[in-house]
Structures are given as C-alpha cells and as structure tokens.
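# Structural characterization, general
So the chains spell out like this:
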Amino acid sequence: METAQSQQQTAPGAFTAFARFVLCGGGVGVASSFAVAALASWLPWVVANALITVVSTLLATELHARFTFGAGGRATWRQHVQSAGSAAAAYAVTCVAMLVLQQLAAAPGVLLEQVVYLSASALAGVARFAVLRLVVFARNRSQAASTARPVHATVAPAAAPADPGVLCYAA
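Below is a short write-up of the structure. Per chain, residues are indexed from 1 in the order of the written sequence. With the structure being a predicted model, the display of local features is reserved for residues of pLDDT at least 70 and the display and counting of side-chain atom pairs for 80 or more, all residues being used for whole-chain, interface and lining totals. By convention in this description, side-chain values take in all heavy atoms of the structure and omit both hydrogens and water.

### With respect to the overall build of the chain
- By definition, any uninterrupted DSSP run of H or I lasting at least four residues is a helix, any uninterrupted run of E lasting at least two residues is a strand, and each is numbered from the N terminus. Assigned secondary structure in the chain consists of seven helices and zero strands.
- Of the regular secondary structure in the chain, the N- to C-terminal order runs α-α-α-α-α-α-α.
- By residue count, 30% of the 171 residues in the chain fall in the buried class.
- The long-range share in the chain, meaning contacts at least 24 apart out of those at least 6 apart in sequence, stands at 69%.
- For the accessible areas, the method is Shrake-Rupley and the probe is 1.4 Å, while residue cover comes only from the protein chains on display. Surface exposure of the chain reaches about 11,000 Å², of which carbon and sulfur atoms provide 70%. For every residue, the accessible area obtained with a 1.4 Å probe (protein chains only) is divided by the maximum for its type, and the residue is called buried under 20%, exposed over 50%, and partly exposed between those limits. Contact definition: two residues touch when any of their heavy atoms are within 4.5 Å.

What follows is the structure, given as structure tokens:
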C-alpha cells in the first residue's frame with residue numbers, strides 16, 4: 001500500500017507530463033518524419049509511414065512509461081496494445097492529411113510535405129496524450145486494481161426472541 005501511495009506522489013502533473021510527452025513523443029515524431037521521408041524514396045509512402053509508425057510507437061510507449069507518465073518501469077503488453085490503438089488513429093490522420101495534400105498539389109515539395117505531416121502528427125499527438133494519460137497510463141485504475149481486496153463479511157444469525165410479542169408490536 002505504501003508503494004502505491006509513493007508512486008502516486010511521484011506521478012507528474014498534467015503540465016509536466018505534457019512537457020515530457022512533447023519532448024519524448026515530439027522527438028520521436030520529428031525523427032520519424034525524417035525516417036519516413038528517407039524510407040519513402042525506396043518504398044511507397046504509405047508503407048514507409050506504417051513501418052516507421054510501428055517502430056516509433058514501440059519506442060515512444062517505452063519512453064512514456066518510463067519518463068513521461070512516471071509509471072516506474074517498462075510498459076506492459078496491455079499498455080503497448082492500447083498505445084498501438086492510438087497510434088493507429090494517428091497513422092490514419094497522417095495518411096489522410098498526406099492524401100489530401102497529394103490531391104491538392106500535384107507535386108508538393110519536401111518542405112510542404114514535412115509541414116503537412118508534422119502538423120497532422122501534432123494534432124494526433126494532442127489526442128494521443130489525452131488517451132495515454134487518461135486510459136493507458138491512468139494511475140487510479142491500476143492502483144484500484146492492485147489495492148482492491150475482496151471483503152469477507154460474516155453474518156452471525158440473530159438470536160430469536162423468546163417472547164412472541166417482541167416479533168410483532170401489534171400483537
């Protein structure tokens with residue numbers, strides 16, 4: 001019980017967690033944008049984005065578990081799966097943004113592609129922060145699950161009154 005309380009005390013506030021999220025997730029995101037651009041010269045952009053999204057999601061989830069949200073250790077499989085769900089949504093947002101760009105500009109330059117990709121990633125990132133903080137790395141749910149114990153109540157049978165008049169006051 002004491003470790004759960006000390007972990008809760010060390011959990012960062014929303015502002016600190018968001019600053020760490022931007023630092024970790026943003027750093028991984030910027031590196032990912034360059035990796036996608038480089039990989040897209042060999043593979044279709046959608047495939048390159050999918051591969052980089054998988055790798056960056058694994059890396060970012062570990063960073064968020066250890067540093068951003070103060071979980072105190074490695075991310076669990078459940079956290080990786082939930083984080084992957086939010087990353088899949090982010091992947092869809094970046095793909096849609098890039099497909100719209102391709103429809104609006106016949107031959108967009110690398111700089112415009114980067115601006116659109118990073119803008120879509122930033123929008124998806126804010127939504128991911130909320131999901132990760134409130135669902136994936138939520139302290140109250142994991143703390144409640146670890147501290148909840150079944151309550152065993154024993155009920156002693158009440159002694160039957162000897163006088164039948166006590167059973168019913170109207171009698």
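### So, the packing of aromatic side chains
- Pairs were defined over the aromatic rings of Phe, Tyr and Trp, the Trp ring being its six-membered one, requiring ring centres within 6.5 Å. Orientation was assigned from the angle between planes: stacked under 30 degrees, edge-to-face over 60, tilted for the rest. Taken as a whole and judged by the stated rule, the model has six aromatic pairs.
- Where F18 meets F21, the ring centres are 6.4 Å apart and the plane angle is 25 degrees; that geometry is what we call stacked. In this pair, F18 and F21 both sit in helix α2 (residues 14-39), three residues apart, roughly one turn of the helix.
- Residue class for F18 comes out partly exposed when judged on its relative accessible area of 32%.
- A residue is classified by how much of its surface remains accessible, and F21, at 8% relative accessible area, is buried.
- Cluster of aromatic residues (ring-pair linked, three or more members): F18, F21, F69, F129 and F137.
- In this analysis the charged atom, NZ for Lys or CZ for Arg, is taken to sit over a ring once it is within 6 Å of the ring centre and within 35 degrees of the ring normal. Of note, R20 hangs over the ring of F67, and the distance from its end group to the ring centre comes to 4.9 Å.

### Regarding helix α4 (residues 77-104)
- Residue count minus one, scaled by 1.5 Å, sets the expected span of a helix. Across its 28 residues, α4 extends 40 Å between first and last C-alpha, which sits within 8% of the 40 Å expected from 1.5 Å per residue.
- Among the residues making up α4, those that are buried are Q79, H80, S83, S86, A87, A90, T94, C95, A97, M98 and L101.
- Elements that come into contact with the buried residues of α4 comprise α3 (45-68) and α5 (110-136).

### A word on the nonpolar core
- To form a nonpolar core, buried Ala, Val, Leu, Ile, Met, Phe, Trp, Tyr and Cys residues must be joined to one another through side-chain atoms within 4.5 Å. One finds V36, L39, A48, I52, A97, M98, L101, A105, V116, Y117 and A120 forming the largest nonpolar core, which totals 11 residues.
- If sequence neighbours within four positions are ignored, A97 has contacts with V116 and A120.
- By size, the runner-up hydrophobic cluster in this structure holds nine residues, among which are A17, F129, L132 and V136.

### Observations concerning the environment of L101
- The topology assignment puts L101 in helix α4.
- For L101, a relative accessible area of 8% corresponds to the buried category.
- L101 sits 15 residues away from V116 along the chain, and the two C-alpha atoms are 7.6 Å apart.
- Beyond its immediate sequence surroundings of up to four residues, L101 is in contact with P108, L112, E113 and V116.

### Some thoughts on the pattern of salt bridges
- Salt bridges are defined by distance alone: a side-chain nitrogen of Lys or Arg within 4 Å of a carboxyl oxygen of Asp or Glu. Going through the model one piece at a time under the given rule, you end up with two salt bridges.
- A salt bridge links E62 to R66, with the nearest nitrogen and oxygen atoms 3.3 Å apart. Separated by four residues within a single helix, E62 and R66 lie in helix α3, roughly one turn from each other.
- Given the relative accessible area of 13%, E62 is considered buried.
- Here R74 and E62 are joined by a salt bridge, their closest N and O atoms 3.7 Å apart. With R74 in the loop between α3 and α4 and E62 in helix α3, the pair connects residues that are 12 residues apart, well separated along the chain.

### Points about the packing of α3 against α4
- Geometry is summarised by axes, namely lines fitted to C-alpha atoms with helices restricted to the contacting stretch, and by angles between N-to-C directions that run from 0 to 180 degrees. Put simply, α3 and α4 touch, their axes get as near as 10 Å, and they point 145 degrees apart. Along this stretch, α3 crosses α4, giving a crossing that reads as right-handed. On the side of α3, the interface is formed by W45, V46, N49, A50, T53, T57, L58, T61 and E62, while α4 contributes Q79, H80, S83, A84, A87, Y91, T94, C95 and M98.
- The residue makeup of the contact of α3 with α4, split by class, is nine nonpolar, eight polar and one charged. Take the far helix as the reference: if the near one is turned anticlockwise from it by less than a right angle, the crossing is left-handed, and if turned clockwise, right-handed. Basically, the charged four are Asp, Glu, Lys and Arg, the nonpolar ten are Ala, Val, Leu, Ile, Met, Phe, Trp, Tyr, Cys and Pro, and anything else, Gly included, counts as polar.

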